[in-house]
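A closer look at the structure
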Amino acid sequence: APDLAAAAAAGPASTAAYGARCIGAAYDDTSAFQAAIDTGHTVYAPAMGGHCHVTRPLVMKTPGQLLYGDGRARTVVEVQPGFAGDGVFVAKTGEPGPVWRDFSVSFTQPDTDDRAKLTRYPPAFSAVNTPRFQMEHMGCYLATVCVDMKGNSGGATIADLQFDAFEVGIDIDGSLDTVRVTDPHWWPFGLSVKQQSLFFDQGKARAIGMRIGRMDDLVLRGGVFLGGIGILVLPLPGASLSGSISDTDFDSGAGIEMRSGTLQIHGSEFVVGLPKAQGIRQFGGVIVASACFFAGGPQNNRLVELAGGSISIASSEFNTSDADITTLAQTSGPSALVVSASQFLRAANKTYTKPTIDLAAGRSILMSNYASDKGTGGGVFVRIGNDNPFNRIMGNMGPGWPLQPPLAPKGLYLFN
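Note that residues are indexed from 1 along each chain, following the sequence as it is written. Thresholds applied to this predicted model are a pLDDT of at least 70 for local features of residues and 80 or more for the giving and counting of side-chain atom pairs; totals over whole chains, interfaces and linings are not thresholded and use all residues. Each side-chain value is derived from all of the structure's non-hydrogen atoms; neither hydrogens nor water enter the calculation.

1. Concerning the state of the cysteines
Here, two cysteine sulfur atoms that lie within 2.5 Å of each other are counted as a disulfide. On inspection of all chains with the given rule, the structure shows 2 disulfides. Residue C22 pairs covalently with C52 via a disulfide, S to S 2.0 Å. Residues C22 and C52 are joined through a disulfide that is right-handed, its torsion about the S-S bond being 95 degrees. Here the residue C22 occupies a position in the loop between strand 1 (13-14) and helix 2 (30-38), and C52 occupies one in strand 3 (residues 52-53), the gap between them amounting to 30 residues. Three exposure classes are used, based on accessible area relative to the maximum for each residue type with a 1.4 Å probe and protein chains only: buried under 20%, partly exposed in between, and exposed over 50%. Given the relative accessible area of 0%, C22 is considered buried. By relative accessible area, which is 1% here, C52 ends up buried. Residue C140 pairs covalently with C146 via a disulfide, S to S 2.2 Å. Secondary structure elements follow DSSP: runs of H or I of four or more residues count as helices, runs of E of two or more count as strands, with numbering from the N terminus.

Printed below as a string of structure tokens:
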């Protein structure tokens, strides 16, 4: 087994001491980086005025080995077409995984708005079956996949990661312990206008900030997600996500698409500005949200859509004042919707053709919610398209707004 204490006492191995020049594509720094890594010591990759060009995977085999630079804007590892392998930095350490700190990996991509013309690269960081690795103050730009942490990546921590990717930013499936992600910044760093059109695309080939399959627990705090879709939770066999999200902004792109597991969301924002995008689209699993803010524009269809599973939203605000869209829709069953003590902002003296809340399927409870005054405008606050004895709509207040219940209601519908 490696002597970690001896390696630490020996001091860092500088990539410059092993021949790295970091002058871009004119010089291959791969051998210098790998030689420093192979010492088993802490590795220091100094900023030397240019990008450090690597052409082969950099494999780390020493448990807990630290590789650090002078900051993600200064120590930049550059990757160009032709690179092949499992990843740029590949963890083969076992437990604990490596520690990556204060540098970035940047890929070369054509200036194109055609996804088929993009260069497909291996992941920037391959931490497959690598528990307890750490990333701090890192960057990952123009990647295909930034962090591949499939398999057991339990106990991993990712803090202050700036990243964009055309397929997946962080890919998790198989974690057997809590994964903590704090202050992630999913953003179109360094992308041209054409490349941004692919990053924000809401079609089938969306860029995904975090793709989550099977894992025990996720703790996500302080994030910003501005891209195709923030978080996608997959419907994999045996998927058992139990996660919490707090103080996170899902801005412009789609927010969360949920198909299994359980998520608790607190104090977060879903501001949806792109066509076809939705703040939350749920097909399965359980979401419990509180103290959240939701807003959408006229190009959206449904701000929050429940098409399966159950969602409970409390003490939150929905603002679609300027948009003739449905704020909250329950579109298919079986599903369960509970909304309480929340505020729905609509413009006074304006006519809306779509209901603020549309209950087309499933079971629903709406209690003690408030809609801003209708004034001389028109529209419906709640449309009940699916009537059943389990619906409870009571204690809600919306001055001037009508409720549209069935002619012979089965549920309990009381509207003030």
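2. Examining the pairing of strand 26 (residues 293-296)
As defined by bridge partners, strand 23 (residues 269-272) adjoins strand 26 across 4 bridges and the pair is classed as parallel. Counterpart to V272 in the pairing with strand 26 is G296. Pairing of strand 26 with strand 29 (residues 317-319) involves 3 bridges; the strand directions are parallel. Opposite F293, over in strand 29, you have E317 as the bridge partner. Here, a strand pair is defined by DSSP locating no fewer than two bridges between the strands.

3. Comments concerning the environment of I37
When you line up the elements, I37 lands in helix 2. Accessibility expressed as a relative area gives 2% for I37, which makes it buried. Distance in space between the C-alpha atoms of I37 and L66 is 9.2 Å, their sequence separation being 29 residues. Residues contacting I37, with those up to four places away along its chain left out, are V43, L58, V59, M60, Q65 and L67. Contacts were defined at the residue level, with two residues in contact if any of their heavy atoms lie within 4.5 Å.

4. Concerning the side chain of D387
With respect to the element layout, D387 can be found in the loop between strand 36 (382-384) and strand 37 (392-396). For this count, His and the chain ends are skipped, Lys and Arg are scored as positive, and Asp and Glu as negative. Salt bridges are counted wherever a side-chain nitrogen of Lys or Arg sits within 4 Å of a carboxyl oxygen of Asp or Glu. Within the buried core, D387 has no salt-bridge partner, and the shortest N-O distance to an opposite charge, that of K410, equals 5.4 Å. Polar contact criterion, stated in full: a pair of N or O atoms within 3.5 Å, where within protein one must be able to donate a hydrogen and the other to accept it, and residues adjacent in sequence count only if both atoms are side-chain atoms. One polar contact links the side chain of D387 to the main-chain amide nitrogen of K410, over a distance of 2.7 Å.

5. A look at the packing of aromatic side chains
In summary, the pairing rule links any two rings of Phe, Tyr or Trp, Trp by its six-membered ring, whose centres are within 6.5 Å, and it sorts them by plane angle into stacked for under 30 degrees, edge-to-face for over 60 and tilted for everything else. Tallied over the full model, the rule gives 18 aromatic pairs. Here the aromatic rings of W100 and F125 are separated by 4.9 Å at their centres, their planes lie at 55 degrees, and the arrangement is tilted. Note that W100 is positioned in strand 8 (residues 99-101) and F125 in strand 10 (residues 125-126), a separation of 25 residues in sequence. On the basis of an interplanar angle of 80 degrees and a centroid distance of 5.7 Å, the ring pair of F344 and F381 is categorised as edge-to-face.

6. A closer look at the layout of surface pockets
The volume enclosed by the largest pocket comes to roughly 290 Å³. Lining the largest pocket are 16 residues, and of these R206, K276, A277, Q278 and R281 lie nearest its centre. For the lining of the largest pocket, the secondary structure elements donating two or more residues are strand 21 (254-258) and strand 27 (302-306). Ranked by residue count, the leading element in the lining of the largest pocket is strand 21, at 4 residues. Residues belonging to the lining of the largest pocket are distributed by class as follows: 4 nonpolar, 5 polar and 7 charged. In this analysis a 1.4 Å probe is tested at points of a 1 Å grid over the protein atoms alone, and where it fits but cannot get out there is a cavity; an open set with protein on both sides within 12 Å along at least five of seven lines is a pocket; lining residues have an atom within 4 Å of a point. Grid points are joined across faces, edges and corners, and a volume is the space filled by probe spheres set on the points. Residue type decides the class: Asp, Glu, Lys and Arg count as charged, Ala, Val, Leu, Ile, Met, Phe, Trp, Tyr, Cys and Pro as nonpolar, and the leftover types, Gly among them, as polar.

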